Amino acid sequence: ALELLLARISAGGGQGKSVMSAFRSFRLVRLLRMVKNWKSIHSLLDTISRASSDIRSFAVLLSLLIFVFALMGMQLFANRLRFDGVSGLPVDISDPRYADADVPRSNFDDFMWSLVTVFQVLSGENWNTVLYDCWKTSKAAPVYFVSLVVLGIFCALNLFLALLLKQFDGSELVTGRIHPEEEEMSRRVADKVQNHDGPGLERRCPSMQALCEDLVSSKRLDMLLTFAIVASSIALALDNPLNDPSSNLAKTLLILNLIFTAIFLAEFCIRVVANGLKGYFLDGWNILDFATVVASILELCRIE
């Protein structure tokens, strides 16, 4: 199947090479792996993810609010935001100049534009201009926009912040509790100490899995991978499809690409031996790493 895929891509000529070269950009996603090693940011993302259930309910409430105000805006201002290009005064629908009148970009003429306009007001982007335009055509505009700002910005935004702060009350950023991965590492160390042979017995040679587990928990490996990720991203930034393939820069980048792919492939093998194939794919970060390794190998195996 892999040979068929490579043959099909190579048959596509330059377009196929572009697709394969695009696979290399997936290695930039490995920069997110540093978030896992950066404990404070990792804890912050964990806290936000725990609030996702409450945020989903908030998203439904916000969607209903936008839907209601979009329909209300259509009833009040649809086809009424027409202004004279010279005086800026509103033009009535019965006026012959109505067809050629200026229509502001933010309007309530149809449902989609009404949704966009309501979202613009909620974001605070130039919402006062929309208010003044609508005020010229309807005396109900101040009541409509004040209600939208109070309910949508003041109440909804504060509710969103309250949902996040509720999760931060029990977060490890506040309590300082040990991260689950650190607890798992401590448990493994305790198991090794408990199962260690006594001083009078012959020490057994460590197995390959034990060696790989030590490497996975080693900070030196994390430092090496972090350096490889950053250096790989810099090399990818220096790579240009217009570079001469025979130039020294292109040859150097190709050698670096081989080195980085070998490092990431070695990391994959070490983690598979340490955690087992099933245990490896239980971690979402590992699935992301595996995808980037496969993409790098496919890019190297392309047929010129």
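Chemist: I'd like to hear about the environment of Ser123, residue by residue, with values.
Modeler: Turning to its location among the elements, Ser123 is positioned in helix H6 (residues 111–123). Separated by 30 residues in sequence, Ser123 and Ile153 have C-alpha atoms that sit 8.0 Å apart.

Chemist: I'd like to hear about the confidence of the model for the protein, residue by residue, with values.
Modeler: Keep in mind that low pLDDT regions are not for reading the predicted coordinates in detail. Chain-level statistics for the protein give a pLDDT mean of 76 and a share of 72% at 70 or above. Taken element by element, the predicted model of the protein shows its lowest mean pLDDT in helix H1 (residues 2–11) (45) and its highest in H6 (93). Segment residues 196–204 is flagged for pLDDT under 50; beyond a separation of four residues in sequence, or across chains, it makes five contacts in the model.

Chemist: Please set out helix H13 (residues 248–275) residue by residue, giving values where relevant.
Modeler: Taking 1.5 Å per residue as the helical rise, H13 with its 28 residues ought to reach 40 Å, and the 41 Å between its terminal C-alpha atoms agrees with that figure. Within H13, burial applies to Ala250, Leu253, Asn257, Phe260, Thr261, Phe264, Glu267, Phe268, Ile270, Arg271, Val272 and Ala274. Downstream of H13 by one or two residues, Gly276 has phi in the positive range, about 85 degrees.

Chemist: I'd like a rundown of the nonpolar core, residues and numbers included.
Modeler: Across soluble globular proteins, you tend to see nonpolar side chains buried next to one another. Counting residues in hydrophobic clusters, the biggest one holds 20 residues, and the most contacted among them are Phe77, Phe108, Val118, Cys134, Tyr144, Phe145 and Leu148. Contributing elements (two or more residues each) for this core: helix H5 (52–77), H6, helix H7 (127–137) and helix H8 (141–168). No other element matches H8, which puts six residues into this core. Among the nonpolar cores identified, the runner-up in size contains eight residues, and Ile229, Ala231, Ala235 and Leu253 belong to it.

Chemist: Could you give an account of the environment of Ala262, with specific residues and numbers?
Modeler: Its location among the elements puts Ala262 in helix H13. When the C-alpha atoms of Ala262 and Val293 are compared, they prove to be 9.1 Å apart, with 31 residues separating the residues in sequence.

Chemist: Could you give an account of the packing of aromatic side chains, naming the residues involved and the relevant values?
Modeler: This model, assessed by the stated rule, comprises 12 aromatic pairs. Between Phe77 and Phe108, the aromatic rings sit 5.4 Å apart at their centres with planes inclined by 45 degrees, giving tilted as the arrangement. You can see Phe77 sitting in helix H5 and its partner Phe108 sitting in the loop between H5 and H6, a full 31 residues away along the chain. The interplanar angle of 85 degrees and the centroid separation of 5.1 Å between the aromatic rings of Tyr144 and Phe145 together place this pair among those described as edge-to-face. We classify Tyr144 as buried; its relative accessible area is 3%. Owing to a relative accessible area of 1%, Phe145 belongs among the buried residues under this scheme. Following the ring pairs from residue to residue traces out a cluster consisting of Phe69, Phe77, Phe108, Tyr144 and Phe145. One residue, Lys136, lies across the ring of Phe83, its end atom 5.4 Å from the ring centre.

Chemist: Explain a nonpolar patch on the surface to me, and be specific about the residues and the numbers.
Modeler: On the surface, Phe67, Val68, Leu71, Met72, Phe111 and Met112 cluster together into a nonpolar patch covering about 520 Å² of accessible area. Of all the elements in the fold, those that place two or more residues in the nonpolar patch are H5 and H6. At four residues, the largest contribution of residues to the nonpolar patch is made by H5. Positionally, Phe111 belongs in helix H6. Looking at Phe111, the relative accessible area reads 30%, which means it is partly exposed.

Rules of the game
Residues numbered from 1 in each chain as written. Predicted model: local features only at pLDDT ≥ 70, side-chain atom pairs only at ≥ 80, totals over all residues. Heavy atoms only, no water. Helix = DSSP H or I, 4+ residues; strand = E, 2+ residues; numbered from the N terminus. pLDDT = per-residue confidence, 0-100. Contact = heavy atoms within 4.5 Å. Expected span 1.5 Å × (residues − 1). Buried < 20%, exposed > 50% of the residue type's maximum accessible area, 1.4 Å probe, protein only. Core = buried A, V, L, I, M, F, W, Y, C linked by side-chain atoms within 4.5 Å. Phe/Tyr/Trp six-rings, centres within 6.5 Å; stacked < 30°, edge-to-face > 60°. Lys NZ or Arg CZ within 6 Å of the ring centre and 35° of its normal. Patch = residues over 30% accessible without salt bridge, like charges linked within 9 Å, V, L, I, M, F, W, Y side chains within 5 Å. Areas by Shrake-Rupley, 256 points an atom, 1.4 Å probe, with all protein chains shown as cover. Salt bridge = Lys/Arg side-chain N within 4 Å of Asp/Glu carboxyl O.

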